[in-house]
Amino acid sequence: NAGVTQTPKFQVLKTGQSMTLQCAQDMNHEYMSWYRQDPGMGLRLIHYSVGAGITDQGEVPNGYNVSRSTTEDFPLRLLSAAPSQTSVYFCASSYSLVGTDTQYFGPGTRLTVL
Amino acid sequence: AQSVSQHNHHVILSEAASLELGCNYSYGGTVNLFWYVQYPGQHLQLLLKYFSGDPLVKGIKGFEAEFIKSKFSFNLRKPSVQWSDTAEYFCAVNALMDTGRRALTFGSGTRLQVQP
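What this report covers is the structure whose coordinates are included nearby.

Thresholds applied
Residues numbered from 1 in each chain as written. Chains lettered and ligands numbered in written order. Predicted model: local features only at pLDDT ≥ 70, side-chain atom pairs only at ≥ 80, totals over all residues. Heavy atoms only, no water. Helix = DSSP H or I, 4+ residues; strand = E, 2+ residues; numbered from the N terminus. Rg over C-alpha atoms; globule rule 2.2 N^0.38 Å. Buried < 20%, exposed > 50% of the residue type's maximum accessible area, 1.4 Å probe, protein only. Contact = heavy atoms within 4.5 Å. Areas by Shrake-Rupley, 256 points an atom, 1.4 Å probe, with all protein chains shown as cover. Pairing = 2+ DSSP bridges. Axes fitted to C-alpha atoms, helices over the stretch in contact; angles between N-to-C directions. Buried area = accessible area lost by both parts, 1.4 Å probe. Salt bridge = Lys/Arg side-chain N within 4 Å of Asp/Glu carboxyl O. Polar contact = N/O pair within 3.5 Å; in protein donor to acceptor, adjacent residues only side chain to side chain. Nonpolar A, V, L, I, M, F, W, Y, C, P; charged D, E, K, R; others polar.

Within chain B, the regular secondary structure consists of 0 helices and 12 strands. Shown N-terminal to C-terminal, the secondary structure of chain B runs as helices and strands in the order β-β-β-β-β-β-β-β-β-β-β-β. Taken against the 2.2 N^0.38 rule, which gives 13 Å for 116 residues, the C-alpha radius of gyration of chain B at 14 Å falls within 12% of a compact globule. Projecting the C-alpha coordinates of chain B onto the three principal axes gives extents of approximately 45 × 30 × 20 Å. Here chain B, with 116 residues, has 48% of them falling under the buried criterion. For chain B, restricting intrachain contacts to residue pairs at least 6 apart in sequence, the fraction spanning at least 24 positions comes to 55%. Approximately 5,500 Å² of chain B is accessible, and the part contributed by carbon and sulfur atoms is 52%.

As a further point, take the sheet that holds strand S7 (residues 64-66) of chain A. Each strand in a sheet pairs with its neighbour through backbone hydrogen bonds, running either in the same direction (parallel) or in the opposite one (antiparallel). All names here are of chain A. Ordered by their spatial adjacency, 4 strands build an open sheet running S1-S3-S8-S7, and the pairing between neighbours is antiparallel. Here the strands that pair on one side only, and so sit at the sheet edges, are strand S1 (4-7) and S7. Sheet twist, expressed as the mean angle between neighbouring strand axes with direction ignored, is 20 degrees. Pairing of strand S3 (residues 19-25) with strand S8 (residues 76-78), which is carried by 3 bridges, proceeds in the antiparallel orientation. The residue bridging Met19 from the neighbouring strand is Leu78, located in S8.

Once that is clear, we can look at the interface of chain B and chain A. Residue-level contacts link 22 residues of chain B with 24 residues of chain A. Around 1,900 Å² of area is buried between chain B and chain A when both sides are counted, 59% of it from carbon and sulfur atoms. Of all residues in chain B, His43, Arg101 and Phe106 of chain B give up the largest surface area on contact with chain A, accounting jointly for 26% of the area buried on that side. There are 0 salt bridges connecting chain B and chain A. Put simply, chain B and chain A have 6 residue pairs in polar contact (both at pLDDT 80 or more) between them. At the level of secondary structure, the elements contributing two or more residues to the side of chain B that touches chain A comprise strand S5 (32-38), strand S6 (45-50), strand S10 (87-96) and strand S11 (102-106) of chain B. Residue composition of the side of chain B that touches chain A, grouped by class: 11 nonpolar, 7 polar and 4 charged.

Right, here's the structure in full:
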């Protein structure tokens, strides 16, 4: 199993540009989520999904869109990038959130918005 | 809304010193508690977790954590740290969001630096 994969690893955008961060998992996990990691603020939940066709907002959803058309993929879209979105983005998946399912994290995407 | 607090932002220890990292959460219902670790240049991985039973849980690499319900705490401990324990440590709580669905909420993290 490849686990959770994310592309790209690094990205530089100009303010106002759009892009999609890709996330895929091959473990047949129902639950997937996106976090951003900023110094001194830990990981903050952006959006999450409990299954194909179902998404919900997390703690910091503004400026981001998600969709979940398949179990495997959970892309994160930035419609109009802003410098405040400079961060490291992590995708995670787990079988469910019932009980103590372990979250498996991807390697991250380091995004810089100029 | 639920929150997770890690009061130690940066801890510097010498090898063989004992470690205790604090974690407190604000949530009145049933919680599942986790500690994740992020080694330099790597992604997060699970260190240990608690969901029921013995409040003292043991994880990988000699780490343990104690759940104290009355104090809403889940502190991480290790009796003798090694240089290889240098990493960032995150406490996390599986809790109910305002949407009625459960999600994982992380603390702000504690950066541990172990000096040889």
